[in-house]
Structures are given as C-alpha cells and as structure tokens.
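Now for the letters of each chain:
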Amino acid sequence: MAELSFEPVRVEREVETISRPSLSYWQDAWLRLKANRRALISLYIVIALLLFTVFGPFVWTVDPAAQDLDQISAPPGADRTATVVDDYVPWRGVTVELPAGGSPPAAELLAPGAVSVQGPAETRAVRLAWDPVNGAAAYRVYRNILDPEPDGALGLPIADVLDPAQVSFEDRLDLKPLTYFYSVVAMDALGNESSAYRTAQVDVTRVITAAEAVAKGLAEGGDALQPGDTLKLAAHPLGTDYLGRDLLARLMYGARVSLFIGIVAPFAFVILGIVYGSAAGFVGGRFDQLLMRFADFVVALPFLLFMILLRILFGVGAGESGIYPMMVAMVLLSWPGAARLVRGQILQIREEGYIGASRLLGAKTNYLVLRHMIPNTMGVILVTLTFAVPSAIFTEAFLSFIGMGVAPPTPSWGSMCNEGLKTMLTTPHELIAPAAFISITVLAFNLLGDGLRDALDARMRSAE
Amino acid sequence: MLAYTIKRLLQGVITVWFIATATFFGMHAVPGDPLAADKEVPPEIWANLQARYGLDKPVPEQYVIYLGNMLKGDFGISYTQQNREVNDIIAEHFKVSATLGILAIVFAAFGGILWGALTALYRNRAPDIVIVFLVILGISVPSFVFAALGQLGVVNINNALGFTLFPVAGWGTVQHMIVPSMVLGLGTMAFLTRLMRSSMLEIANSDFIRTARSKGLPATRVFRKHQLRNAILPVVTVLGPSIAAITTGGFVVEMVFAIPGLGRYFVQAVQQLDYTVIMGTTVFYGAFLVFMVILVDLVYGLIDPRVRLE
Amino acid sequence: MSALLEVADLRVEFDTYGGTVQAVRGVSFELDRGQTLAIVGESGCGKSVTVQSIMGLIPMPPGRITSGTAKLDGKDVIADKRIDGKDIRGRLVGMIFQDPMSSLNPTMTIGEQIAETLQVHRGYSHRRAIARAIELIDMTRIPEAAKRASQYPFEFSGGMLQRSMIAMSLACEPSILIADEPTTALDVTIQAQILDLMRDLQRDNGMAIILITHDLGVVARMADEVLVMYAGEVVERGSVDDVFYRSAHPYTLGLRAAMPSNRDDAAQELTPIDGSPPDLFAPPAGCGYFARCPHAMRACETEHPRAFELGEQHRARCWLHHEDCNVDAGEVFRK
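All of these numbers come straight from a predicted model, not from anything done at the bench.

Conventions we followed
- Residues numbered from 1 in each chain as written.
- Chains lettered and ligands numbered in written order.
- Predicted model: local features only at pLDDT ≥ 70, side-chain atom pairs only at ≥ 80, totals over all residues.
- Helix = DSSP H or I, 4+ residues; strand = E, 2+ residues; numbered from the N terminus.
- Buried ≥ 20, exposed ≤ 12 C-beta atoms within 10 Å, placed from the backbone.
- Contact = placed C-beta atoms within 7 Å.
- Nonpolar A, V, L, I, M, F, W, Y, C, P; charged D, E, K, R; others polar.
- Core = buried A, V, L, I, M, F, W, Y, C linked by C-beta atoms within 7 Å.
- Pairing = 2+ DSSP bridges.
- Domains from an automatic or database assignment.
- Axes fitted to C-alpha atoms, helices over the stretch in contact; angles between N-to-C directions.
- Left-handed = near helix turned anticlockwise from the far one by under 90°.
- Expected span 1.5 Å × (residues − 1).
- Parallel < 35°, antiparallel > 145°, perpendicular 65-115°, else oblique.

S.K.: Just checking my understanding: could you explain the overall build of chain C for this structure?
M.R.: The helix and strand inventory of chain C stands at 10 helices and 14 strands. C-alpha atoms of chain C, sized along the principal axes, occupy 70 × 50 × 45 Å. Counting all 335 residues of chain C, 49% fall into the buried class. In chain C, once contacts between residues fewer than 6 apart in sequence are set aside, the share between residues at least 24 apart is 63%.

Structural data, given as structure tokens:
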C-alpha cells in the first residue's frame, strides 16, 4: 500500500449535469419508435401500401375491368402458355344406327362400354363419344374436377343428350386447362338414371387461334403463327378472378377505395371528436355534462340502420356502390370515442401546474388551447387515429361483404372478398389475396399503433 | 348497489327511447316512399297499403302510435312478407342467434382467459411467442375470412374422415353449432387474450403480488388467488362491448353457414329494404345491446368489491 | 451465540437494455436476536435490493444474485427459501413495504389476507385462521377488528393498511421483521404511530427488525445498529451513536448535513450533496463517492477503499482512515 497517494484533489463537479442532448417530445418519440423493430417494420409496410396504391397503377397498367376470358380464375403463377390451333370447325357428333322404333327397353341399364375423347381435348371444346347402352332412352353427362372414385361423386350434370342415337357430347362450357373427369350415365324413357356410370379422365390443354392471338395483341401478325406453336398469354402475377379480371390490378384499385375510406374517415371523425371533446372539456360544467350524455346516446345508435338511411338519402340503390354514405355514416357515428378521450385529456391538463403558470403570465384562452392543450393531447390523438384505421378498414370490408358498401364491379378489398368467397372451394386465391391485403394492412396499423403508444406516452405503455 | 342498478336501468330505458326515436324520424326524414316497389302499383292498392301500415296519418300521430306499439312489444308487420309480424320473426330467429352468440362469447371468454394466462406464465418462451403470434393474426383477420376458412376446414375434415363430422351449413344439432360459434368467437378471443396477457403481466409486477410472495405462499396459490383473480377484472369490463362485436360478426357467420338466425334475416331485410323489419330489429338489437352492457357492468360490480360497495 | 441472520458478500446484478447494473456489490452484515438494524442511503443505493434478494423477491430475470450467502440460524437461504422443507417467508421472516395502498390485494378482505399466511404455514382451518387474524388486527390497535377483518383494502386509510400489513407479517410470529421504508408513504403523524407500534410489538415479541429508510430521524428513533449504504456498498456501519456522533465516512456526514434536525440552532442550513451517484453500469475502480467527496484524494480515484476498523462494531470504507493518511479530514471521525 506504499504507493497510495493521499494528496487531496479537487474534483470538478457540476451540480446538475445534463449528460444527454435535449430532445423535443417528438424527437424523443421518433427515437423510441425507431428502436421498436416491429413498429418500424409496420411503418415501412404502411408506406409500401400507400406507394402500391398511389403509384401501383402507373407501373402495372392492366385495366382492372378488362376480362381475360382465356384465363378465368387462374391461380397466381399458373402456366400461361397456349397452343395455337386452327379456327374452330363445328362438330356433328357421333351417331349410331338404332333399330327402327328405338331400342327395346332393357331390364337394367348398364354403364356405357367406353367413353372416349374425340380429337384433342382443348379449352375451347372437349368432344366425347361413348358406346351405346342397350335400352337407353337418353344419356346424362357429368363433369367433375375430382376423381369420382371411390365415393361416386360425379360432379355437376352438364348436359342431357335426349336422342338415344346420339352417343356424343361436345363440352364448350367454361373449360380450364385442368384434368376433368367426365361420367356418362344412361337414362330410361322416364328420365330415371341408371346407377351405373362410366368415367373418362381428360387432360385439357389451353388453345388459342391465330386470329384471337392477333386480336388480343399477343402476336404481331397471324401469318407468323403456325398450329402447334406455343404462345405466352397475358401475365397475371396474382391470378385472375371468376370473370378473368387481373387480381393485382383490382387489388391496386381496390386499395384506393379501401384505404381512402380507411384513412379519410378516421381523420374526419377524429377531428370532429377533437373539436367536440375539447369544447366539452374546456367549457366544463353543465355544458360538458350535456355534450357527453349526447355522445353516450350516439354510441348506442345502430350503425347499419344509419348506413341504410344515408344510402337512400344519397340516392344509392340496392346493389350499387355507396362509398360516400359509408364514410358519412362512419364519421357521424364514430366520433364519440375520440371526443371522450380528448375531453379526458383536456380535463386532466387543465389542472396541471403549467396551465396555471401560463394563465398567471397572462395567456389568453386561445393561446392556452393552441399552445398547451392541443399539443399535449396530440400523442393520444395520433394513437387513436392509428387504431381507428384498422377498424375503419374492417367496417368497409364488413359492409361491402353484406352488400351495403362497395358493390361490384367497383373493386374494394371487402367487395373482392365477397366475390372471392363464392369460389372459395375451387379457387381459394380469389379470397386469399384481398383477405391477405386487409389483414396485412390491419396488422401493420395495429402494430404501428402499439409502437406509437409506447413511444409517445410512457404512462400508456403496454406491458408487452 | 340497488340505487346504482336502478340508475343504470333508467339510463338504459332512456337510451332505448332515443334509439327508437332516432330510428323513427330517420326513416321518415328519408325522401321517397318505402312502399314504392320496383313495379307500378295501382293507386287503390297503394292507398290500402298506406292505411294498412298507418302511413296515411300525420307523422306525429304515427310517432305516438309507434311508441305505443313498441311499449306493447309490437313492431308491426313485414313489408315484404306481408303475413308475418316482426315480433314473430324476432321470436323465431333470435333464439338461434342468441344460442350462437352465447356459445361464441363463452368460447371467447374462456379461451381468452386461458390463453392470456398461459402467455403470461410462459412469458417470452415458446408458448407465449406462438400464442402472441396467433393473437396478432386473430385481430387482423376479418370475421368473414374466419367464417370462410372455418367452412373450408369443415369440408376438409369431413373429406378426410369420410363422414360428416360437422355439417357445412344449417342449424339444429350440436354438431351444427360447434364450428360457427368457434369461428364467431375467434376474433374476440384474440382480443381478450391480448388484454388478459397485458393484464396478467401488469398484475405480476404489482406490489401486492410481491407481498403475497413475501408471505411465503406457494407459487400456485399466488397465481390462482392473487394474480388470476385480479387479472380477469379488466377482461370482464370489456365483455359488454365484446357482445356488440359478436352480434355484428354473427350477421356474417349466419350468412356464410346458412344459419336461420336474426342476423341473417336482418341482412336480408336490409338488402330488400324491408322497413318494418329493419326498424323492429334495429330497436330490438339496440335495446338488447344496451341492456347487455348494463348487465355486464352489474356483474362486474359483483366481482369487484370496489364497485360493489360504492 | 452466532447471529440470527448473517449476510456475507452479497452481490446482485440486473440486466437492462443499457447493460448490466451492479445494484449490490458485496454487502455483509449480521443481525442479532431482538435487535433493530437500520439500513440507510439515498434512492438507488441498493438497500431494498439487498433485503429483497434475501427474501427471494428479486425478479429473475432480469435480476441475478451472483454471489453471497444469507445464513438464517446458520442455514443459507439465498438459493432456497426453505428450511426444514418449509418456506421461511411469512414464517420466520415477515416483511412490510413502502406503499400499503398497493401492497394489499384489492379483491380480498384484509382478514382473508392475514388468515392466508396462517393457513399455509400453520395449517389452521379457515375459521381458526380468521379468528386469529382478528386478534392480530386488534393487536395492531385497529378499532372494531372483527368488522375490519371482513373489509377490503380500499375501505382502509393508509395508516390502517400499514397496521394490517404489520399484522399480516407478524401472523406467524417471525423472528425477523423486514420493514422496507414502512413510513415513507404515510402522513407524518401516522408515521410516528406506526413506528411506536413496531417498537412495542418488538418489545412484546422479541423479534429482530431490519428497517430500511432514508430518514435519519427514523434511524435515531428506532435503530440499535446502522448500515450506511452508497452505490451498492456498505460505506459505514456501527451503533447508532457511532454513526451519528462519530461519523467516519464523508457520505454519512453529507447525509447528516442534508437532514433537518430539531436542535436549537434554527439558523442551520441544509446542505445538499452535490452531484449524483456513480453509474452502476460501470462502477468506478476507486471509491464510489469520489466524485462527490469533499475530501477526495488521489488514491480514492483508483483504489477501492477497504473497510477500516474504528471501534468494536464501527467500520468505515474510506481511505481517510489509512494510517499513512495525514490530510485534514474536517468533521470526519478518526481513530
């Protein structure tokens, strides 16, 4: 311990050291938000969605209303080639000679001996022929996209061939490049089906004629195309809907409607709420009581009924799109939440010392409200706004879903879900794509709201 | 408590009156004729219809009659199905909706409390992370997507089993009820799980839990008697608004699963602009929700001594 | 006879977003039966963490006890809170907290909360436990004990709640009562009543008390022994007289100067201690008080002072007591 030095030293001391640079409330909030990875990613997603909505249609210039009849309900990333074929030539079918007076009724109708495909199976037509059944008065043709074995599920009856001499059928009904199972069943004179059936499995290829290809702008001149060539059809990155419309383009235009309602309506009712709530909170007393009781009643009003009334007021008929009635209904009935919150904040801030101090220094009411009260409620308001967006998007989707909001053909995410639901079992992508967009948007706004709440107000911080 | 109950009930009655009045005058403020159908109606039939629905009288008189009828519990006759009374429609279909809704809210509440408690117990470990992820998914997916996915799931389950375990649509047996009520409760369950989780974590850090531990109580007892009991309280307070959410969600689920409930009937009436049905059901639903919120508040009062003894 | 409680070289860390905080850095002390030990120091000096780690109340994670033993009747209770297979907490050691309003379960009656301890530790029936709880409430001088037992915390005043807390912590007649700032949240008039109650109960039950406070007035009134903590360390310890009249650490003197007293010299000025405690994310190599100390020396900056013995029980962790140190130490007591 000999090296210890007991020479007194003067330690430089500052009474109150300010070690960190002073940050404004918003700078500090921004730093906190940046530190929250989930919120930051959500912010990027929100920005990306806005870019997608605003600039998407300039990049992806497909008309959302144009129908691509070659590709109906095409899933995303489907094989999009078509084989060039000659022009369509009508088919007379296959007939057999029956004994005069028709074949005699048989005790039991058997299944046709064989069902065969005549010529190539193409998306424009599948030609079937089968062996005649003894005693059959007519035939019924079924089509299924699943194998009928082992359940005997034949699918949809697509045609009745009422002439027993006619043992063929040409299917031109909405064919897709899939594998189909055609089943043929014989029927007696009374129209009773035999329980026996014969199934043929048919792989259909997509075809296009040279003339069609030129008309659709897929090829320069018809001469260059030879039958048998393959051709690339129009691209649909997210597939098409049941009318052959491009889903990506529809999602972009739908986003304009959904996000417009989802963002503008909350803005409007939050502003209304701020005005109402700060008036109640600032004036106080009887006036405040009266205003808040009225707000309680408005909360209890049935939303759907007012939706309907507004649609009639706006002259929107059943089955038509009513974006504005929807927005007006949301604004008129959704403000009380924000109003209550702002009022609570104002009441609290009114009692704070710095308001009294400001008043002592001669601040006028307007100044107090604008300089102290509104800025100090901004955090709460911003958080409310962020959480209001997902609920507005949900409301739009719900209303469009039940046919009270945006109606076809106008795309919105909700109306697209409504349409997609109908074909959910066969082509789920038509439902999944708009539903995913709704979910991602709602998720991003929810997480952003969480992040903002944590960043803006330590007292409101959630325990997560 | 009694004075509080009476006060709340009185407020509820006033709110219902407000809804009924707003509904009535809202309907009458709208230009146009509710009886004007798509096709032309001969003037004498039109006059008959006007008289039948009381539309020929002056509006204030109609209002008095309307309120009087409502007090008697009479909501009038349907415009589109002219032989049916709105009361009958409500009586017949509300049973179904109420069953569905009660099952859904029970499922949501128990699920929410259970999952929320689990996440808090396994904080930042695998079960917590998985459940929190599912919860975020749950609050971000619209109810009709759940309904559609639920139905798709039913189809797949039945296909896989080779027999019909759950019917795809319809109503009647217990099997009919299971999937729709679960689908309906899912969104609310996610919301309640989230609430329960943050409530549990907040309570876990509270002073009285520290006190309980300092008394040397076994961990299970601290959890059960101190943490869980207090963490459930905020969940109970939001059950009222949750019932409203479930009611609205019920409209969609009833449509998707073809359940003959009042919600589906209401949506149909909305699409067909059947005014008496819309008005009747609206006031009925309004009153139902107002009194459910009051009921939940009163039940909360029973659980929380701080409210009970006020 | 060995001490009732012997704590040796206790070290506690907390993981935070900013890094690891060394909240307690090698604290040792003994507590004899029936004795009152006061732990004083400013906020954040580690006094609460010290007792909470003995009681197993440190949330882990983020907390971590890196070393140390706490021997209760010769048995270490740091890792395991059980002796003879039963939890020591509530049975051998009772504890009361700073804020009685939030320290009681709002949805359970006071009586139930007291009875709970007896049911768990003594195996009492519910009825017997409640009857005993009423006696305990009565013992803490709350009027109408039977009625009060069936009431909820929100129906009590702060002082009443702290009395109930005391009743609860003493239910199983523990040999140690730990009181973590028991009077800080209470009105001044109530403070004296609570302290009197604790002293009376100590006289009747013969329990030892560990009293955590930053109020030197409370220390003077209650304590036999005093532990002065600073930056996670014990900087001075000794009897009340040692610490108050023979303060051997500049920090103790600083605390005294910052405290109002009721002595006659009304003109006395309160002197705050300038600066703030060191950053416990990276504790200084030398003395923790170096940056604020009026007697700072070269050695203090780089060399960690050891505890110098000044009397039978009196110790101080300051280089001023080194035999080679000759500088003027002002009011600091030296041997």
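Still more to cover.
S.K.: What exactly am I supposed to notice about the overall build of chain B here?
M.R.: Secondary structure summary: chain B contains 13 helices and zero strands in total. Counted from the first residue to the last, chain B has its helices and strands arranged as α-α-α-α-α-α-α-α-α-α-α-α-α. Taking the principal axes of the C-alpha coordinates as reference, chain B spans close to 85 × 60 × 30 Å. Each of the 310 residues in chain B was classed as buried or not, and the buried ones make up 42%. Counting only contacts in chain B whose residues sit at least 6 apart along the sequence, the fraction spanning at least 24 positions is 74%.

S.K.: What is the right way to read the interface of chain C and chain B from this model?
M.R.: Interfaces are often sized by the amount of accessible area the parts lose when they come together. Between chain C and chain B, the residue contacts involve 23 residues of the former and 17 residues of the latter. When its residues are assigned to classes, the side of chain C that touches chain B shows 11 nonpolar, seven polar and five charged.

S.K.: I would appreciate a short explanation of the interface of chain A and chain B in the present structure.
M.R.: Counting from both sides, the interface comprises 33 residues of chain A and, opposite them, 33 residues of chain B. Taken together, the residues that form the side of chain A that touches chain B break down as 28 nonpolar, four polar and one charged.

S.K.: Sorry if this is basic, but what is going on with the nonpolar core here?
M.R.: Grouped burial of nonpolar side chains is what soluble globular proteins tend to show. Residues M307 and C417 of chain A together with F144, A147 and V252 of chain B are the most contacted members of the largest nonpolar core, which totals 146 residues. In contact with M307 of chain A, other than residues within four places in its own chain, are P325, M326, A329, L399 and M404 of chain A. Among the nonpolar cores identified, the runner-up in size contains 105 residues, and L92, Y251, L255 and C318 of chain C belong to it.

S.K.: I tried to follow the pairing of strand β11 (residues 225-230) of chain C on my own but got confused; where do I start?
M.R.: Looking down a regular strand, the side chains alternate between one sheet face and the other. All names here are of chain C. Burial analysis of β11 places six of its six residues in the buried class, which makes it a mostly covered element. Where burial is concerned, the two faces of β11 agree: the one with E225, L227 and M229 and the one with V226, V228 and Y230 are both buried. Bridge count for strand β3 (residues 36-40) against β11 is four bridges, and the pairing is parallel. Of the residues in β11, the one forming a bridge with L37 is E225. For β11 and strand β12 (residues 233-239), the ladder comprises six bridges, and the chain directions are antiparallel. Opposite E225, over in β12, you have S239 as the bridge partner.

S.K.: Can you walk me through the domain arrangement of chain C in this structure?
M.R.: All names here are of chain C. Domain assignment breaks chain C into domain 1 (5-223) and domain 2 (230-334). A separation of 29 Å is found between the C-alpha centroids of domain 1 and domain 2. Contacts between domain 1 and domain 2 engage 21 residues on the former and 15 residues on the latter. Listing elements by their share of the side of domain 1 that touches domain 2, those giving two or more residues are β2 (19-31) and α7 (216-222). The element contributing the most residues to the side of domain 1 that touches domain 2 is β2, with 10 residues.

S.K.: Explanation requested: the sheet that holds β12 of chain C in the structure shown.
M.R.: In sheet architecture, strand pairing relies on hydrogen bonds along the backbone and comes in two forms, parallel and antiparallel. All names here are of chain C. Here we have eight strands laid out as an open sheet, ordered β8-β9-β10-β3-β11-β12-β14-β13, and mixed in their pairing. Either end of the sheet is taken by a strand with one partner, and the two such strands are β8 (93-96) and β13 (308-309). Each of β3, β11 and β12 touches helix α9 (residues 250-257); the most contacted strand, β11, lies at about 100 degrees to it.

S.K.: Help me understand the environment of L289 of chain B in this model?
M.R.: All names here are of chain B. Inspection of the secondary structure puts L289 in helix α12 (residues 275-303). C-beta crowding within 10 Å serves as the criterion here: with 21 such atoms nearby, L289 is assigned to the buried category. The spacing of L289 and V13 is 276 residues in sequence and 12 Å in space, taken between C-alpha atoms. When neighbours within four sequence positions are excluded, L289 is seen to be in contact with I243, A244 and T247.

S.K.: When you look at the sheet that holds strand β9 (residues 207-209) of chain A in this model, what are you seeing that I'm missing?
M.R.: All names here are of chain A. Read from one edge of the open sheet, three strands run β9-β1-β10, paired in mixed fashion. Of all strands in the sheet, those with a lone pairing partner are β9 and β10 (230-232), marking the two edges. Shown here is a sheet whose adjacent strand axes are inclined to one another by a mean of 45 degrees, direction ignored. As defined by bridge partners, strand β1 (residues 81-85) adjoins β9 across three bridges and the pair is classed as parallel. Its bridge partner lying in β9, V85 is registered against T209.

S.K.: Honestly, the pairing of β12 of chain C in this entry has me stumped. Any pointers?
M.R.: Most of β12 of chain C is tucked away: six of the seven residues are buried. A loop of two residues connects β11 of chain C with β12 of chain C, the two strands running antiparallel in sequence, and A231 of chain C in this loop sits at a positive phi of about 50 degrees.

S.K.: How do you make sense of helix α6 (residues 303-313) of chain A when you look at a structure like this?
M.R.: All names here are of chain A. Burial of α6 is extensive: eight of the 11 residues sit out of reach of the surface. Looking at α6, one finds that the buried residues are L304, L305, F306, M307, I308, L310, R311 and I312. Looking at the residues trailing α6, positive phi occurs at G315, about 75 degrees.

S.K.: In this structure, what is going on with the packing of helix α4 (residues 247-283) of chain A against helix α9 (residues 365-401) of chain A? I would like to understand it.
M.R.: Packed helix pairs are specified by the crossing angle of their axes together with the interaxial distance, meaning the distance between the axes. All names here are of chain A. Between α4 and α9, the shortest axis-to-axis distance is 8 Å and the interhelical angle comes to 145 degrees. For α4 against α9, the interelement crossing comes out right-handed. Contacts between α4 and α9 involve S258, I261, G262, I263, A265, P266, F267, V270, I274, S278 and F282 from the first element and V369, M373, I381, T384, L385, A388, V389, A392, I393 and E396 from the second. For the contact of α4 with α9, the class distribution of residues is 16 nonpolar, four polar and one charged.

S.K.: When you look at helix α3 (residues 126-139) of chain C in this model, what are you seeing that I'm missing?
M.R.: Given 3.6 residues to a turn, an α-helix orients residues that are three or four positions apart in the same direction. Residue and element names in this part refer to chain C. For α3, spanning 14 residues, the distance from its first C-alpha to its last is 20 Å, which sits close to the expected 20 Å at 1.5 Å a residue. Of the positions making up α3, those classed as buried are A129, I130, R132, A133, I134, L136 and I137. Buried residues belonging to α3 abut α2 (110-122), α4 (145-149) and α5 (158-169). R141, located one to two residues past α3, shows a positive phi value of around 65 degrees.

S.K.: Would you mind going over unusual backbone geometry with me for this structure?
M.R.: Its identity is not glycine, yet A258 of chain B carries a phi of approximately 50 degrees, on the positive side. For A258 of chain B, the location among the structural elements is in the loop between α10 (239-256) and α11 (262-272). The phi angle at E144 of chain C is positive, at roughly 55 degrees, despite the residue not being glycine. Examined against the element boundaries, E144 of chain C turns out to sit in the loop between α3 and α4. Judged by C-beta crowding, with 11 C-beta atoms within 10 Å, E144 of chain C ranks as exposed.

S.K.: Looking at this structure, I do not really get the packing of helix α1 (residues 25-35) of chain A against helix α11 (residues 429-456) of chain A. What am I missing?
M.R.: Residue and element names in this part refer to chain A. As a packed pair, α1 and α11 sit with axes 8 Å apart at the nearest point and diverge in direction by 135 degrees. When the axes of α1 and α11 are compared, the pair comes out oblique. Considering how the two elements wind past one another, α1 and α11 form a crossing that is right-handed. Contact residues: A29, R32 and L33 in α1; G451, L452, D454, A455 and L456 in α11. Residue classes in the contact of α1 with α11 are distributed as five nonpolar, one polar and two charged.

S.K.: Got a minute to help me understand the environment of G277 of chain A in this structure?
M.R.: Residues and elements named next belong to chain A. Its place among the elements puts G277 in helix α4. The spatial distance from the C-alpha of G277 to the C-alpha of G344 is 8.1 Å, given a sequence separation of 67 residues. Filtering out sequence-adjacent residues up to four positions away, G277 remains in contact with A338, A339, R340, L341, V342, R343 and I346.

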